[in-house]
Amino acid sequence: DEAELQARFDAVIARHDRVEPRDWMPERYRATLVRQIAQHAHSEIIGMQPEGNWITRAPSLRRKAILLAKVQDEAGHGLYLYSACETLGASRTELTEKLVSGAQKYSSIFNYPTLSYADVGTIGWLVDGAAICNQVPLCRTSYGPYGRAMIRVCKEESFHQRQGYELLMTMMRGTDEQRAMVQESVDRFWWPALMMFGPPDADSPNTAQSMAWGIKRDTNDELRQKFVDMTVPQAERLGVTLPDPGLVWDAERGHHDFTQPDWEEFLEVVKGGGPCNAERIAHRRAAHEDGAWVREAASAFARRQDAAARE
Ligand code: 3HC
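Scope of this entry: the structure provided in the associated data block.

Procedures and definitions
- Residues numbered from 1 in each chain as written.
- Predicted model: local features only at pLDDT ≥ 70, side-chain atom pairs only at ≥ 80, totals over all residues.
- Heavy atoms only, no water.
- Helix = DSSP H or I, 4+ residues; strand = E, 2+ residues; numbered from the N terminus.
- Rg over C-alpha atoms; globule rule 2.2 N^0.38 Å.
- Buried < 20%, exposed > 50% of the residue type's maximum accessible area, 1.4 Å probe, protein only.
- Contact = heavy atoms within 4.5 Å.
- Near = heavy atom within 4 Å.
- Polar contact = N/O pair within 3.5 Å; in protein donor to acceptor, adjacent residues only side chain to side chain.
- Areas by Shrake-Rupley, 256 points an atom, 1.4 Å probe, with all protein chains shown as cover.
- Nonpolar A, V, L, I, M, F, W, Y, C, P; charged D, E, K, R; others polar.
- Patch = residues over 30% accessible without salt bridge, like charges linked within 9 Å, V, L, I, M, F, W, Y side chains within 5 Å.
- Salt bridge = Lys/Arg side-chain N within 4 Å of Asp/Glu carboxyl O.
- Lys, Arg positive; Asp, Glu negative; His and termini not counted.
- Charge placed at Lys NZ, Arg CZ, Asp CG, Glu CD.

With that out of the way, let us pick up the overall build of the chain. The secondary structure content of the chain amounts to 13 helices and two strands. Relative to a compact globule of 311 residues, whose C-alpha radius of gyration would be 19 Å, the chain shows 21 Å and is just as compact. Based on the C-alpha atoms only, the size of the chain along its principal axes is roughly 70 × 50 × 35 Å. The burial tally for the chain puts 50% of its 311 residues in the buried class. A separation of at least 24 residues holds for 77% of the contacts in the chain among residues at least 6 apart in sequence.

Below is the structure:
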């Protein structure tokens with residue numbers, strides 16, 4: 001009966017074991033997973049746009065090849081995550097409709113423009129760096145397919161982060177203009193990167209329950225702090241200044257104190273008022289509509305194959 005199923009589910013969660021697609025699970029657990037995994041997948045797919053903007057203008061064949069590989073990886077991450085979502089009964093078509101209609105979200109970070117080529121490096125270093133801080137714990141998330149997808153994603157994210165850092169290091173060893181371009185890019189992306197981890201725990205309606213279910217293994221503020229502590233020495237080695245005068249080492253705490261991002265801006269961007277929200281959704285909607293004939297042709301071919309197999 002339901003009480004016994006709930007008790008069995010609670011025992012799996014309590015011993016940090018995995019819940020698998022065919023296991024009984026509370027409807028709210030399923031709904032939370034669909035919400036988070038779908039929005040994670042949407043983020044990967046939308047995230048292809050800001051970087052893709054520089055593929056045709058990369059300064060060398062090597063940089064172009066690296067950027068192409070990274071953007072293709074993001075598409076793959078999106079597909080792993082939509083597949084993980086489908087194990088919960090969600091359909092990719094329905095999820096794409098929810099993305100383009102604004103019924104589901106994607107990461108705020110991708111609503112900022114990529115104005116200079118240095119942004120390609122900064123996104124790799126800061127955005128993929130933040131994504132790694134957020135995604136490594138998700139390898140241990142309680143839902144099996146999600147955690148296993150994260151293991152592959154994290155391996156590719158570390159390549160994304162290193163190529164970004166190496167790109168910036170190369171520019172910092174270049175001309176004054178290149179150094180200024182890197183600093184300007186870091187100034188624009190630092191605060192939006194901190195917002196990627198979500199609102200402060202005190203303003204996060206989902207964190208407590210997601211922690212109780214083992215969906216999240218750390219809170220938003222804990223991961224934001226880990227990201228800041230990891231990034232400060234990297235910025236020093238790069239020779240760039242992080243744009244927060246309140247960022248100082250607190251020996252007492254063994255962590256860096258830092259200024260909170262502008263949460264009003266965050267809410268505005270999440271609500272759709274960021275610099276690029278409309279453009280990102282319009283681009284995604286157009287790609288989905290332009291691709292309708294491919295989906296119809298593939299379905300017609302599959303139906304014909306099935307019919308032939310039955311004859
Ligand atoms: N952008 C947009 N919406 C955000 C957000 C952000 N940065 N941070 C929080 N939100 C939304 C939440 O989705 C939630 O709204 P909802 O209930 O309608 O979904 C609301 O703000 C309150 O936030 P909570 O902290 O209560 O919500 P969560 O418990 O879901 O935590 C999260 C938010 C930390 C982003 C969590 O969902 C998460 O860890 N998601 C998986 C990882 C992910 O999506 N990372 C960003 C992707 S970037 C990326 O990976 C691409 C990289 O490869 C370049």
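What follows continues from the structure just given.
Once that is clear, we can look at the site of the ligand. Around the ligand, the surrounding shell holds 33 residues, and the nearest of these are R35, K105, S108, E157 and N220. One nitrogen or oxygen atom from the side chain of Q36 is found 3.5 Å from a nitrogen atom belonging to the ligand. Within the side chain of N220, one N or O atom sits 2.9 Å away from an oxygen atom of the ligand. Relative to its unbound accessible area of 1000 Å², the ligand is 90% covered by the protein chains. Residue assignment for the shell around the ligand shows that the elements contributing at least two residues are α2 (27-46), α6 (118-138), α7 (144-172) and α11 (263-273). Among the residues forming the shell around the ligand, the class breakdown is 13 nonpolar, 13 polar and seven charged.

The residue H16 is not glycine, and still its phi comes out positive at about 55°. Along the chain, H16 turns up in the loop between α1 (2-14) and α2. Take H16: its relative accessible area is 56%, and that puts it in the exposed class.

On the surface, D262, E264, E265 and E268 cluster together into a negatively charged patch. By secondary structure assignment, the location of D262 is in the loop between β2 (255-257) and α11.

Turning next to the side chain of E157. Position of E157 relative to the elements: it lies in helix α7. No salt bridge is formed by the buried E157; the nearest opposite charge belongs to K70, separated by 5.5 Å. What E157 contacts, discounting residues up to four positions off in sequence, is E44, E74, H77, D128, A131, I132 and Q135.

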